[in-house]
Each structure stands twice: as structure tokens, then as C-alpha cells.
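Descriptive analysis of the structure
Residue strings, one per chain:
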Amino acid sequence: MPEIICIEVTNRCNLDCVHCNKLVNQHPIRDIPVDLVDSILEQARPFSPRVVALTGGEPTTHKQFDELIATIARHDIGYTLVTNGQNFRDSHKVLLRHSNRLLGVTFSLEGATSETNDSIRGPNTFNRVMDALELCRRHGLSFGLQTVLSTRNVGEMDALVELAVEQGADQLNFILMRPAPRPIEDGLILDMEAAEAAEKKIAELRKKESRIKVDMTTGYFSPQPLYACRPLGLSIISIDYNGYLRFCPDISNYRGAGGAEDDTDVIADLAMRPLQWSLKALSNRIALFWQNKIDYTVMDDLAPTDYFPCFYCLRYFNKADCLDV
Ligand SMILES: C[S@@+](CC[C@H](N)C(=O)[O-])C[C@H]1O[C@@H](n2cnc3c(N)ncnc32)[C@H](O)[C@@H]1O
Ligand code: SF4
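Here's what I pulled together on the structure shown here. (Residues numbered from 1 in each chain as written. Chains lettered and ligands numbered in written order. Predicted model: local features only at pLDDT ≥ 70, side-chain atom pairs only at ≥ 80, totals over all residues.)

**Concerning the sheet that holds strand β6 (residues 171-176)**
Applicable threshold: A pair of strands counts as paired when DSSP detects no fewer than two bridges linking them. Each helix is a run of DSSP H or I of at least 4 residues and each strand a run of E of at least 2, with the numbering of both proceeding from the N terminus. Lines are fitted to the C-alpha atoms to define the axes, a helix being fitted only along its stretch in contact, and any angle between axes, read from their N-to-C directions, falls within 0 to 180 degrees. Our contact criterion uses C-beta atoms placed from the backbone: two residues qualify when those atoms are within 7 Å.
Pairing within the open sheet is mixed, and its 10 strands lie in the order β7-β6-β5-β4-β3-β2-β1-β8-β9-β10. Whereas interior strands pair on both sides, the edge strands pair on one side only; in this sheet they are β7 (213-216) and β10 (266-269). Pairs of neighbouring strands in the sheet enclose a mean axial angle of 25°, with direction left out of account. Sheet topology note: the strand β3 (residues 78-83)/strand β4 (residues 102-108) ladder contains five bridges and is parallel. Each residue of the ladder has a partner; that of Tyr79, found in β4, is Leu102. Relative to the sheet, helix α5 (residues 125-139) contacts β4 and β5 (143-149), its axis offset from that of β4 by approximately 160°. Across the sheet, helix α9 (residues 275-298) is in contact with β9 (244-246) and β10; its angle to β10 comes to roughly 170°.

**Brief notes about the environment of Tyr220**
Counted only if it meets this: Put simply, a residue is buried when 20 or more other C-beta atoms lie within 10 Å of its own C-beta and exposed when 12 or fewer do; between those, it is partly exposed, and each C-beta is set from the backbone.
In this fold, Tyr220 is placed in the loop between β7 and β8 (236-239). A residue is classified by how many C-beta atoms lie within 10 Å of it, and Tyr220, with 22 of them, is buried. Put simply, Tyr220 and Thr106 are 114 residues apart on the chain and 20 Å apart in space, counted from C-alpha to C-alpha. Look past the residues within four positions of Tyr220 in its chain and what remains in contact with it is Leu176, Ala195, Glu199 and Phe308.

**Things to note about the site of ligand 1**
The following threshold applies: For each residue, a C-beta atom is placed from the backbone, and the residue is labelled near a molecule or strand when this atom is within 6 Å of it. The nonpolar class holds Ala, Val, Leu, Ile, Met, Phe, Trp, Tyr, Cys and Pro. Asp, Glu, Lys and Arg form the charged class, and all remaining residues, Gly among them, are polar.
Looking at ligand 1, there are 19 residues lining it, with Asn21, Glu58, Asn84, Ser108 and Arg178 nearest. Elements that contribute at least two residues to the shell around ligand 1 include exactly β3 and β5. Looking at side-chain class alone, the shell around ligand 1 contains eight nonpolar, eight polar and three charged residues.

**Here we look at the pairing of β5**
Our working rule: Handedness of a crossover: with both strands directed away from the viewer, a clockwise path from the first strand across the helix to the second marks it as right-handed.
Of all the seven residues making up β5, six are buried; the element is thus mostly covered by neighbouring parts of the structure. Pairing of β4 with β5, which is carried by four bridges, proceeds in the parallel orientation. Bridge assignment links Phe107 to a residue of β5, and that residue is Leu145. The parallel pair β5 and β6 is bridged by helix α6 (residues 157-167), and the resulting crossover is right-handed.

Okay, here's the thing in C-alpha cells:
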């Protein structure tokens, strides 16, 4: 613990994707200070973290992206990033300078065709990602693809596998779309039946596909209410652009929080508190989370969507005003 330190480095973004559940480009626009990242990684040393996973907003739009990556690369730790790939012609130069610590780049793509992808991510976004993949191949950077499954692209899972293989990706990851007001309005969220069918399809692909690693992230149906994802096991910790330690990277700065203040999952301000103190506060919060969930389960107080772990957390942290449960 913690194996992965996930840092949401900025709330700035150069796209406005229909499905996005993050509060991007909202004032104040903030980038995590590079010296704070340096201090956190220094304090994390006794825990032997393996990876710093960068996300956002769009991580490559951090105003000091070059210094940020150089600082991370000075620590004895690998790093990855998930990107929309739109400015990769510039940002890959930074990655090339620090490629010794780079474990891989994940590109987000919402469909196997430009038509499907661009209907969610915006005009010409598919072509720019294809261009970025070409740059990765040319410079020997390893990369994967990541797709958020929705009503619009769930029929393209086989085609996405073919595209990922053709392009030379190491991995294709399928995320289940979490609810936020815009994707709900656009009818993008899979209903529970479709989500379970998609999960079965991923399991089949995983088994039969020898050319590429097919994977999925947490969020799919689990019959066990006490299912433990990685943040609950402290193997992933999450820090945002304010320098706050958060409960989980997938629900921080969440667009579905309605009128509520988006701070129900803030554990500590790492600019004010040592990491050691903050991790103890997080472990106490996780203990309370379990106690509450045990009680709700015994009282039969779980909605059907609560068996999708992220949906439960959205409700638990009061971020699911848009969820009809
Ligand atoms: C918030 S983005 C930040 C990184 C970068 N801007 C990008 O799009 O890859 C990280 C990942 O979250 C995914 N994501 C966005 N909205 C989502 C939602 N409603 N449910 C699940 N994943 C979502 C994105 O597609 C992307 O793969
Ligand atoms: S999914 Fe990524 S690229 Fe799209 S708006 Fe959200 S943060 Fe930006």
C-alpha cells in the first residue's frame, strides 16, 4: 500500500466530451503545484509505490507539464498517463525526454470509428488519436486504449479489439460509464441488463483474445455488497489538483454532484498535513465506509444499482443527484 498514486493534475481540459463526469474547466482553474508532487513522492517512499498514474482534466495541459514529468521521473518510480491525445504532437516530446520511467500511455477512444468516437469526444478527435498512436509506434512508446462503454459504442466491442490489435496497442480497457447529467440526458448510460451483458462479453473477449490484453476497471455488477475495489484496499490512492487526498479517483470532482459541495470525499489537504497523517485519516474513513455498508446490507437498504460499486459510492458520498435511485 499504496501501489498506485493517482494524481488528477489539473481541472483544465482541451475537450468537452459529452460523457465526461469530471468538473473540468470550472473556475478556479488549478494545476497541482510541482513542488507539492515532489514532497508527496518523497513522503511516499517508505510505502514503495510502483506507479504514479496521471489523469485530469487533460493531464498534458498542466501549465508546467514538462517540470511535472521531470520531477516525477527523478523519483525511483514509474509513471503512466491517460490522455485524450489531442496535443500529443507536443506532449510526446516531454514523454520522450523521460521515457526511462514511462510505463505506458493510455489513449481514450469512445468508438471504433471516427463517427462514433467524434459524436462523444468532438470533431476530428479520432484522427488525432490515430496520429498519436503513429507517433508512439515511431518512437517505441508502449500504449493502450480505453473505452467507456455506452449505448452508442457497446456494439463496437469486437471492432475495438480489432482496431487495438491493428494499431499495436498492448491493452484495451473497457470502463462502465458512470452517470452524470449530460450522458443521462443523451441516453448514453447502459441499463443494468445491458451493463451485465457487456461484462459477460468482456469476460469472453478476455478468455479468447491472445493477441492483446482485454481488461475492465471496477464498476461492473458484483453480487457481493462487500466487494473491495483497489481504493478500498489502499492499493490506489487519489490526489487531486488542489492537493487534496480523496477517497477514490473515480468519484472526485464529480459532475453529478448537483448543487452539493464536492467535498464529501476529501480526506486531507496534503499541503497542510503530512502524508502519514493523511493515510491514517483515509484508513479510518474506509473503516467507517465498511461499517455503514454492513449496516445498510443487513437492513436491506441497498438499491439494485448499489450492486454496481461505483454507483453505490456516488450515492454514499452524495454525488448522485442525477441518479434516479
Ligand atoms: C476524466 S478522463 C481524464 C484524462 C483525459 N482527459 C482523457 O479523456 O483520457 C479519464 C478517463 O475517464 C473517462 N470518463 C469520462 N467520463 C466518464 C464517465 N461518465 N464514466 C466513466 N468514465 C468516464 C474518460 O473517458 C477517460 O478515459
Ligand atoms: S473525458 Fe477527458 S478529454 Fe473528455 S472532457 Fe473529460 S477530461 Fe476532457
